[in-house]
Amino acid sequence: MIVTDLDGLPVRLRTPHDLSFTARWGTVFAVLDQQDSGNLCLGVEGPAGRVFVKYAGAPTERYDGDGVDAAARARRAADVYRALAHPTLVTLREAVDVGTGHALVFDWTDATPVGRQYERSHVVRSLDLAARVDAVRQLYDFHAHAAALGWVAVDLYDGSVMIEPATGRVVLCDLDLYERAPVVNRMGRMWGSSRFMSPEEYALGAPIDEVTNVFALGALAHTFLGDDATRSPAAWAGSAAQLAVADRAVRPERKERWPSVAALAEAWRAAREEPDGPNRRC
């Protein structure tokens, strides 16, 4: 490993790599160099304001693959963000070949990352219950939008989710691997966190579709209202009706889950409107 200085901040790489191209956006003020995806992520501030630069092509410390492959994935990912543009999705400003790779440049957000690896779960827990319930609704509505456009979520997990504590607004990011339907499992064990992966994401040749996405979305309800590792009813902070919606979503048998993301979103909305019952947990 080597450590490169970038505007006074350390960047850990496997081998030297020219990052001087970042000056086109301004001065780097934040570095995220521990991703295993082949992306080097930077906060950069300049005349056009703050941006988040996701650069694929640098030999990052935790990436074992080829930089050329990472850059190709980034070029394809630009199509995902353009096709799925939505108020809940982080805004892509530009996608451009720079250095020896490719950069996706997004609007900067001060939203808090929800992913367990960021150790900010206390921020979610500090939100009032209504805001947490509504965050799940926002997740479901976005993915119903994506499904209606013919897209399937791949590698959907808590690391894809951020939230603005002051407003309760969800901001989605890191949707690079989403694909247009139909999608088939070509890997065996697919990309993703095991806490959010359905059985078909481990089965070579299995269909990956809306019903697969329903599983991850059900687990994400537990991220906001319970414990996504155990999915224990004892950890659930919402109503019994909401727990029933989430639990149906994460059933191992596909035919027992909600048949579509839209059906899941509608069931969640209906459960929110039910009066509190004796099983409400605080």
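As the structure is a prediction and not an experimental result, all values here were calculated from the model.

Calculation notes
Residues numbered from 1 in each chain as written. Predicted model: local features only at pLDDT ≥ 70, side-chain atom pairs only at ≥ 80, totals over all residues. Heavy atoms only, no water. Axes fitted to C-alpha atoms, helices over the stretch in contact; angles between N-to-C directions. Helix = DSSP H or I, 4+ residues; strand = E, 2+ residues; numbered from the N terminus. Parallel < 35°, antiparallel > 145°, perpendicular 65-115°, else oblique. Left-handed = near helix turned anticlockwise from the far one by under 90°. Contact = heavy atoms within 4.5 Å. Nonpolar A, V, L, I, M, F, W, Y, C, P; charged D, E, K, R; others polar. Pairing = 2+ DSSP bridges. Phe/Tyr/Trp six-rings, centres within 6.5 Å; stacked < 30°, edge-to-face > 60°. Buried < 20%, exposed > 50% of the residue type's maximum accessible area, 1.4 Å probe, protein only.

K.L.:
Before we go on, may I ask you to explain the packing of helix H4 (residues 210–225) against helix H5 (residues 240–249) in this structure?
P.N.:
The packing of two helices is summarised by the inter-axis angle and the distance between the axes. At a minimum axis separation of 7 Å, H4 and H5 run at an interaxial angle of 140 degrees. Taken as axis vectors, H4 and H5 run oblique relative to one another. Between H4 and H5 lies a crossing of left-handed hand. Residue-level inspection shows Val214, Phe215, Gly218, Ala221 and His222 of H4 in contact with H5, the latter providing Leu243, Ala246, Asp247 and Ala249. Split into classes, the residues belonging to the contact of H4 with H5 amount to six nonpolar, two polar and one charged.

K.L.:
I tried to follow the sheet that holds strand S7 (residues 101–107) on my own but got confused; where do I start?
P.N.:
What holds strands together in a sheet is hydrogen bonding between their backbones, with the strands either parallel or antiparallel. Pairing within the open sheet is antiparallel, and its five strands lie in the order S3-S4-S5-S7-S6. Strands at the two margins of the open sheet, each flanked by one partner only, are strand S3 (27–32) and strand S6 (92–98). With strand direction ignored, the average angle separating the axes of adjacent strands in the sheet is 25 degrees. Summarising the sheet, S6 and S7 pair through six bridges and their orientation is antiparallel. Across the sheet, valine 98 pairs through a bridge with glycine 101, a residue of S7. Here helix H1 (residues 67–83) sits on the sheet and contacts strand S5 (49–56), S6 and S7; the angle it forms with S7, its principal contact strand, is near 30 degrees.

K.L.:
Can you help me understand the sheet that holds strand S11 (residues 170–172) in this one?
P.N.:
One open sheet accounts for three strands, arranged S8-S10-S11; its pairing is antiparallel. Each edge of the open sheet is held by one strand with a lone partner, namely strand S8 (112–113) and S11.

K.L.:
Explain the packing of aromatic side chains here, please?
P.N.:
How two aromatic rings sit relative to each other is set out by the distance from centre to centre and by the angle between their planes. For the structure on display, the rule yields six aromatic pairs. Between phenylalanine 21 and tryptophan 25, the aromatic rings sit 6.5 Å apart at their centres with planes inclined by 90 degrees, giving edge-to-face as the arrangement. Phenylalanine 21 gets classed as buried once you look at its relative accessible area, which sits at 12%. Plain terms: the ring middles of tyrosine 140 and tryptophan 268 are 5.8 Å apart, the flat faces sit at 75 degrees to each other, and that makes the pair edge-to-face. Within this pair, whereas tyrosine 140 is found in helix H3 (residues 129–148), its partner tryptophan 268 is found in helix H6 (residues 261–273), the two being separated by 128 residues in sequence. Take tyrosine 140 and tryptophan 268: they sit in the same class, and that class is buried. Taken together, the ring pairs connect Phe21, Trp25 and Tyr55 into an aromatic cluster.

Keep in mind these numbers describe shape, not what the thing actually does.
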